[in-house]
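Fold and geometry: a report
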Amino acid sequence: MLCSQITQEWSQSYAFPTGINAGIAYCSPLIDQSGNIYVGGAEQNDSSMFLAKFDPNGNVLWKRYYNRPNSIGYQSVKYLAMDSNGDIIVCANDLTWTADFDVTLLKYDQQGNRLWQYTYSQANADHALDMAVDAQNNIYLLIAGNCGLSYPSPHTLLKLSASGILTQSNVIYVASSNYSGGDLILGAAGQIGFRISHWDSANVFRNLIFVCDSAFNIVWSRTFANYGIFTMAMDS
């Protein structure tokens, strides 16, 4: 196999407003069909979440900050996704005045205009595990609740329309004694697959694999103990 040499075209460092942990990008960036790059994260001591757009040459086109009301800090973008219209969906975690972690979704167009905002706040420690967008621009979100605070802990699968309206949800209780990790994938026939990784009460690391139909009914599930499963995929 012959491998071509990788040539660096450019690198860019962007100075956000002064502050500890200013300008930290916690999530993977996005790139659109025109080569523009979107980066999200936290700045100013994690007190604000941000989304920034760079052109293909690394020049900043725009940046947007969001501070959710009643949040006291740790507002950070965790996942970015792009729908078929080129709109950007931002998934973030934030901490409220009641010391409760919530999950916030934001949708922006390519000019940086915020189209809508949705907040999920049910358990005492809601953490986003993954996000996906289907061909109809519906948004799917996997959330772990009461992470490390209750046994068992609720894990919620959500579906929102392209306009940010909650249309479906399903709660699955997992015998988790510690913080969870996970993946969320969509199948071509409308199936939803997701993985939840956690430590149980016996301190055994487990991976739970679920596949649901389009109505969020569980078709099957499997448990793997003491296996380090870190990602998953679904064929057509």
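Scroll up to find the structure.
Presented here is a report on the structure given in the accompanying data block. (Residues numbered from 1 in each chain as written. Predicted model: local features only at pLDDT ≥ 70, side-chain atom pairs only at ≥ 80, totals over all residues. Heavy atoms only, no water.)

**A look at the sheet that holds strand S11 (residues 153-160)**
Hydrogen bonds along the backbone pair up the strands of a sheet, which may run parallel or antiparallel. Note the following rule: Strands pair, by our definition, only if DSSP identifies at least two bridges between them. The helix and strand labels rest on DSSP assignments: H or I over at least four residues marks a helix, E over at least two residues marks a strand, and numbering proceeds from the N terminus. Note on geometry: axes are lines fitted to C-alpha atoms, helical ones only across the stretch in contact, with angles between N-to-C directions running from 0 to 180 degrees.
The four strands lie next to each other as S9-S10-S11-S12, forming an open sheet whose pairing is antiparallel. Looking along the sheet, the strands with just one partner apiece sit at the ends: strand S9 (127-133) and strand S12 (166-174). In this sheet, neighbouring strand axes are inclined to one another by 15 degrees on average, regardless of whether the strands run parallel or antiparallel. In this structure, strand S10 (residues 139-144) lies alongside S11, joined through six bridges in antiparallel fashion.

**Observations concerning unusual backbone geometry**
Operational definition: For every residue, the accessible area obtained with a 1.4 Å probe (protein chains only) is divided by the maximum for its type, and the residue is called buried under 20%, exposed over 50%, and partly exposed between those limits.
A positive phi angle is found at asparagine 137, which is not glycine, with a value near 70 degrees. Checked against the element boundaries, asparagine 137 lands in the loop between S9 and S10. Overall, asparagine 137 belongs to the buried group, its relative accessible area being 7%. One non-glycine residue with positive phi stands out, namely phenylalanine 216, at about 75 degrees. Considering the arrangement of structural elements, one finds phenylalanine 216 in the loop between strand S15 (205-212) and strand S16 (218-225).

**Side note on the layout of surface pockets**
The condition that has to hold: Both site types are read off a 1 Å grid over the protein atoms alone. A 1.4 Å probe that fits but cannot get out defines a cavity, while an open set with protein on both sides within 12 Å along at least five of seven lines defines a pocket; lining residues have an atom within 4 Å of a point. Grid points are joined across faces, edges and corners, and a volume is the space filled by probe spheres set on the points.
There is about 160 Å³ of room inside the second largest pocket. In terms of lining residues, the second largest pocket is bounded by Asp134, Ala135, Gln136, Tyr140, Lys159, Leu186, Gly187, Ala188, Gly190, Gln191, Ile192 and Ser214.

**Re the nonpolar core**
Within soluble globular proteins, side chains that are nonpolar generally end up buried alongside one another. This is how the line gets drawn: Take the buried residues of types Ala, Val, Leu, Ile, Met, Phe, Trp, Tyr and Cys, join any two whose side-chain atoms come within 4.5 Å, and each joined set is a nonpolar core. Note on contacts: a residue pair is in contact if any heavy atoms of the two residues lie within 4.5 Å.
By size, the foremost hydrophobic cluster in this structure holds 16 residues, and its most contacted members are Leu157, Leu184, Ile192, Phe194 and Phe210. Among the secondary structure elements, those contributing two or more residues to this core are S9, S10, S12, strand S14 (192-199) and S15. Sequence-distant contacts of phenylalanine 210, that is, excluding residues within four places in its chain, are made with Ile172, Ile192, Gly193, Phe194, Ile196, Ile218, Trp220 and Ser221. Among the nonpolar cores identified, the runner-up in size contains 15 residues, and Ala128, Leu141, Leu158 and Leu160 belong to it.

**Topic: the sheet that holds S14**
Strand order in this open sheet of four strands is S13-S14-S15-S16, and the pairing throughout is antiparallel. Among the strands making up the open sheet, the edge pair consists of strand S13 (181-186) and S16. Shown here is a sheet whose adjacent strand axes are inclined to one another by a mean of 10 degrees, direction ignored. Across eight bridges, S14 lies against S15 in antiparallel orientation. Residue pairing in the sheet places serine 197 in a bridge with asparagine 207 of S15.

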